[in-house]
Amino acid sequence: MKEGSQLRDRMEQLRGFRQNWETRWQSISDHQLARQDFTNVEKHRAPRDSLIFDGTAMDSWNMLTNAMQSILANVETNWIYLEVEGFDESELEDEEIFWLEFAKERLLETFRSESGRFAVQFNETLGDFTGYGTCGIASMYDPALRGMRFSSRPLNEIFVDQDEHGIIDVVYREFKLNKRQALMSFPEMPQEVKDRLERASNDEEFLWIQSFEPHDEIEGKFQSQVVLADGYTKHMPAVSEETLDELPLHVGRWRTDPGQRYGTGPGVNADAFARTLNSVVKDWITQSQMSVRPPMLVADDGVVGVPSTMPGSFTTISAYHPGNQDPVRPMSVGGDFRVADAEITRLQGSIRRAYLHDILQITDSKELTAFHVQELTNRSQQWVAPVFQRTKVELVQPMVNRSLNQMIKMGAIPKPPEALQEKGYRVVYVSPAQRATEIEQAELTAKSIERIVAIAEAQPEVMDNIDFDYIVREGHRAFAADPKALKTRRAVKEARERRAQQEQQQQQADQMLSAEGQLAALSGQADVATALNTLRRG
């Protein structure tokens, strides 16, 4: 474990890595999302929305965030499976099959739980993901729930580093806790730190640093430490130390360039368009106000005092004779709104495209045929597939794996049978996007079978090429149907053996009846021959 001063020095190094990104994220927040502050953070400050004059970026960002959640993790479906790689289900014992099914149901239950708050917190996490290109969500075991609790972490408190392979293996958090919260969170903190807190009021907030990084001594493990980051406590020890099997704070990135620590998301691509759009709309609003309430022209010496331009007000003027020019009249401000309208439309379209609005949204236009809609769907899956794959590897799959391991460790899921541990098992995450691809493959397979059946009418032997059991099971899984509706492979094998045995018994019985009939016929013929011989002798 590191000393408290080492953690603070490492934190400053990570802060330097993130400094340029903070300016970019702040621009996105100021001109698009009004979501959070990254520079000059002030307590109880309202979001910076004074620079936003058009809501296109915020609306597009919200649509993409919700679409990503429905595409990545629809918790109402069967999106988690457990399997034993290299082993068929018929090769597993009954207790192994039961444990795999039970563990899967408990995992689905904890992700669907309202108390665990996965759906809500994941949506907040994806807001950072689609807006800034980087996000973080924590997964912790809660004994009161006997399951996992999920918490979206603000991007402004997350600092990361990666290994030589581009995998994030260092995550630091910088957050605030007041005296009361700190004493509740770290009841066994060193006395030196406790004395420092005791001198403060209950509401006084302190800055804390929490680290997650590879363990200094145990390979394959991670270490977590929490230290007080107050400027007057540089040499104070850590208040919490823990050894972990996995990172509990999962960081996802939209896309990165080689060596890039933080991700580049749609919000980054839309930022230039959004800043220009806000400027154009601001000028458009100013011009509109001038058209509704134009500045006034006043004839020289035609007005006594300062003229009032408020509706319904009176301005006293000196002598006025009919035929003279009006002493007070509106000023012609000119301007062509068509130019501004065209530019606003262009910029709004660019922002929507940056947020993949034209790819993810399936239009309901009557001019599109079913073929065109299918092509749009396939194209969207192809263009966004790299993002889905990266999100699965960096964000969702590690979170699912940790949830299973933590629930086994804490007894919420019983330990797997020893034989199953030797064989090895894994969690399979199937996103709705991957599900759509598998459904399409199942439909294409069904069409192929129809053609093969037509060929089989002329050449029946071609049916020997088809594995109908595989087609039925894969098609059932692709449509996310209830797996309990299908019998196990072992049950199917036993049923077929019983059927074959019954058919064999029936065949033997039929053969016996046929033999008895033949014997009876032969016996009857012998009796007739004997009677004729007797008559001839008589």
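Our subject is the structure listed above.
Please read these numbers as outputs of a predicted model, since none were measured by experiment.

Visitor: Even after reading the chapter, I still don't get helix α3 (residues 94–112), so can you show me in this structure?
Guide: An α-helix turns once every 3.6 residues. As a result, residues three or four positions apart point the same way. The first and last C-alpha atoms of α3 sit 27 Å apart over 19 residues, in line with the 27 Å expected at 1.5 Å per residue. Turning to α3, its buried residues are Glu96, Trp99, Leu100, Ala103, Lys104, Arg106, Leu107, Leu108, Thr110 and Phe111.

Visitor: Sorry, what's going on with unusual backbone geometry here?
Guide: Most peptide bonds are trans, and most residues other than glycine sit at a negative phi. Of note in this structure, Arg117 is not a glycine but carries a positive phi near 60°. By the element assignment, Arg117 lies in the loop between α3 and α4 (118–132). You will see that Arg146, though not glycine, has its phi angle at about 50°, which is positive. Positionally, Arg146 belongs in the loop between β2 (134–142) and β3 (147–153). On the accessibility criterion, Arg146 (42% relative accessible area) is partly exposed.

Visitor: Would you mind going over the environment of His250 with me for this structure?
Guide: Mapped onto the elements of the fold, His250 is located in strand β9 (residues 249–253). Not counting chain neighbours up to four residues away, the residues in contact with His250 comprise Cys135, Gly136, Ile137, Ser139, Leu395, Pro398, Met399 and Arg402. Side chain to side chain, His250 and Ser139 meet in a polar contact 2.7 Å long.

Visitor: When you look at the pattern of salt bridges in this model, what are you seeing that I'm missing?
Guide: Opposite charge on two side chains permits them to pair, given that their charged atoms come into close proximity. As enumerated under the stated definition, the model contains 23 salt bridges in all. Two residues, Lys179 and Glu198, come together in a salt bridge whose shortest N-O distance is 3.5 Å. Here Lys179, found in helix α5 (residues 179–185), pairs with Glu198, found in helix α6 (residues 191–198); they are 19 residues apart in sequence, far enough to count as distant. Arg253 is paired through a salt bridge with Glu394; the nearest N and O atoms lie 2.7 Å apart. With a gap of 141 residues between them, Arg253 in strand β9 and Glu394 in helix α10 (residues 370–409) connect regions that are remote in the sequence.

Visitor: Mind showing me how you'd approach the packing of aromatic side chains here?
Guide: Remark: the centre distance and the inter-plane angle together describe each pair of aromatic rings, the angle taken between the planes. Taken as a whole and assessed by the stated rule, the structure comprises 15 aromatic pairs. Taking the centre distance of 6.1 Å and the plane angle of 80° together, the rings of Trp284 and Phe337 count as edge-to-face. With Trp284 in helix α7 (residues 266–292) and Phe337 in helix α8 (residues 337–354), this residue pair connects regions lying 53 residues apart in the sequence. Owing to a relative accessible area of 31%, Trp284 belongs among the partly exposed residues under this scheme. Taking the relative accessible area as the measure of exposure, Phe337 reaches 27% and is therefore partly exposed. Its guanidinium or amino end placed over the ring of Trp21, Arg24 lies 5.1 Å from that ring's centre, counting from NZ or CZ. Lying over the aromatic face of Phe17, Arg261 brings its terminal NZ or CZ to 3.7 Å of the ring centre.

Visitor: Which parts of the structure should I look at to understand the sheet that holds strand β6 (residues 205–214)?
Guide: The strands that make up a sheet are held in pairs by hydrogen bonds between backbone atoms, and each pair lies either parallel or antiparallel. If you walk across this open sheet you meet the five strands as β4-β5-β6-β7-β8, and the pairing is antiparallel. Looking at strand neighbours, the two that pair on one side only are β4 (158–162) and β8 (240–244), the edges of this open sheet. Between one strand axis and the next, the sheet turns by 15° as a mean value, whatever way the strands run. The sheet contact formed by strand β5 (residues 168–178) and β6 spans eight bridges and is antiparallel. The residue bridging Lys176 from the neighbouring strand is Leu207, located in β6.

Visitor: What should I look at first to understand the sheet that holds β2 in this one?
Guide: The strand order β3-β2-β9 describes an open sheet built from three strands, whose pairing is antiparallel. The strands lining the two open edges of the sheet, one partner per strand, are β3 and β9. Going from strand to strand, the sheet's axes swing by 25° on average, the running direction of each strand aside. With five bridges connecting them, β2 and β9 associate as antiparallel partners. Bridge pairing links Gly136 to Val251 in β9.

Basis of the calculations
Note that residues are indexed from 1 along each chain, following the sequence as it is written. Whole-chain, interface and lining totals are the exception, using all residues; otherwise, since this is a predicted model, local features are given only for residues with pLDDT of at least 70 and side-chain atom pairs are given and counted only at 80 or more. The basis for every side-chain value is the complete set of non-hydrogen atoms in the structure, without hydrogens or water. The helix count covers DSSP runs of H or I at least four residues long, the strand count covers runs of E at least two residues long, and both are numbered beginning at the N terminus. Helix span, as expected, comes to 1.5 Å for every residue beyond the first. Only protein chains enter the calculation, and the probe is 1.4 Å; a residue is then buried if its accessible area is under 20% of its type maximum, exposed if over 50%, and partly exposed in between. For this analysis, residues touch if any pair of their heavy atoms sits within 4.5 Å. Here a polar contact is taken to be a pair of N or O atoms separated by no more than 3.5 Å, where protein atoms must pair a possible hydrogen donor with a possible acceptor and residues adjacent in sequence count only if both atoms sit in side chains. One side-chain nitrogen of Lys or Arg within 4 Å of one carboxyl oxygen of Asp or Glu is enough to make a salt bridge. Put simply, two rings from Phe, Tyr or Trp (the six-membered ring, in Trp's case) pair if the centres are within 6.5 Å, and we call them stacked under 30 degrees between planes, edge-to-face over 60, tilted for the rest. Lysine NZ or arginine CZ positioned within 6 Å of the ring centre and within 35 degrees of the ring normal marks a charge as sitting over the ring. DSSP calls a pair of strands paired once it identifies at least 2 bridges connecting them. For every element, the axis is a line fit to its C-alpha atoms; helices are fit only across the contacting stretch, and the angle between N-to-C directions ranges from 0 to 180 degrees.

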